[in-house]
Structures are given as C-alpha cells and as structure tokens.
Amino acid sequence: ERLRTVHAAFRARRKAAEAYLHKQPDLSPAQRKEMLEATMCVLEDREFAAVFAPGGRAEAPVIGKIGDNTINGRVDRLVVTDAEILIVDYKTNHAPPATEAEAPSGYVRQLALYRAVLQKLYPQRPVRAALLWTEAPELMEISTPALDAQLASIVQRDDRA
C-alpha cells in the first residue's frame, strides 16, 4: 500500500510540474521537457528522499535573533521530523564544488545563521544543513564544524563592531 501511495505522489508531482511548465509561454517544448526531466530526476532520486518526504516545507520562513543580528530569510526546503531538522538550500545553474571546503562561504554562512535560529526553536533535536546542487544533482551536507566556524566568525565580527 505504501508503495502505491509513493507512486501516486510521484505521478501527481509530474502532472503538477507539466501543468506549470505548460503555462510558461516563453519556453519551447524542448526546454519544457528538459526542465521537467531535470526536476523529476531530483524529486525521484532516492538520495533526496528525506528532503522531499512528508513533513517538509518549501520556502519556509526563518526569523529570529542571533546576537545583535535579526535573521529574516526563507529556507528552500525545511524538513521537521521527531528525530531532527534538515535545512536544504537549492543552488541552480552552479556546478557543484568537489568538496565541502570549496562551497562558497556565503552559502555556508547563510545555512549557519538559519541553523542557529532553528536550534533555538528545536533545542532537543539536531539541526542539519545541506546544499542541493541541482545541476549534478548532488546533495552536499555541510558539517557541524563548518557551520559552527561560520557562525563564530559572524559573532566575532559583531563583538568587534
């Protein structure tokens, strides 16, 4: 029964994506097909199952204070479960870096700030963060030490100001 439900959800997603793309007059049929297949490739990939599982929200607002900074942003995908919180930021039209250390610091900084806000909201659950490089597609989890280092550098800058 669960498998039938999953297949129905995939069919519904594909149908919704097709309908959306059909309404884009500036796209050729070839562009629509390419976009549809790239999108469905990500949505149906088992590696990304947790990202698009029930409990996930798209464009979830994140608002809070970290030190003297007010954080007001939107998480591309936020998955809240009883066990953990997962933040995912999509990066389109970018070739993924080979390693986490090569990820642009601005992207990691943004995830670190969102994670800090969400840690205050969910203190009993681990908060993980990842970048979803849609060109590959590839999910790159950013390690806790990398996120902590970015947050520490933000706090140090604030202390010096």
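Right above here is the structure, for reference.
Structure report, in brief.

### What to know about the pattern of salt bridges
Then, in step 1: In the structure shown here, the tally under the stated rule is five salt bridges.
Then, in step 2: Across the pair E37 and R14 runs a salt bridge whose closest N-O atoms are separated by 3.2 Å. Taken as a pair, E37 in helix α2 (residues 29-43) and R14 in helix α1 (residues 2-22) lie far apart in primary sequence, 23 residues in all.
Then, in step 3: Residue D148 pairs with R115 through a salt bridge whose shortest N-O separation is 2.8 Å. Taken together, the residues span a long stretch of sequence, with D148 in helix α4 (residues 144-160) and R115 in helix α3 (residues 105-121) at a distance of 33 residues.
Then, in step 4: The partly exposed category is assigned to D148, whose relative accessible area is 38%.
Then, in step 5: Within the structure, one salt-bridge network assembled from shared partners comprises E84, R128 and E141.

### What about the packing of aromatic side chains?
Then, in step 1: Tallying each qualifying case throughout the model produces one aromatic pair.
Then, in step 2: With centroids separated by 6.0 Å and ring planes inclined at 50°, the aromatic side chains of Y107 and W133 adopt a geometry described as tilted. In this pair, Y107 is assigned in helix α3 and W133 in strand β4 (residues 127-133), connecting sequence segments 26 residues apart. Here Y107 and W133 have matching classes, each one buried.
Then, in step 3: It is K91 that lies over the ring of Y107; its NZ or CZ is 3.8 Å from the centre.

What counts and how
- Residues numbered from 1 in each chain as written.
- Predicted model: local features only at pLDDT ≥ 70, side-chain atom pairs only at ≥ 80, totals over all residues.
- Heavy atoms only, no water.
- Salt bridge = Lys/Arg side-chain N within 4 Å of Asp/Glu carboxyl O.
- Helix = DSSP H or I, 4+ residues; strand = E, 2+ residues; numbered from the N terminus.
- Buried < 20%, exposed > 50% of the residue type's maximum accessible area, 1.4 Å probe, protein only.
- Phe/Tyr/Trp six-rings, centres within 6.5 Å; stacked < 30°, edge-to-face > 60°.
- Lys NZ or Arg CZ within 6 Å of the ring centre and 35° of its normal.

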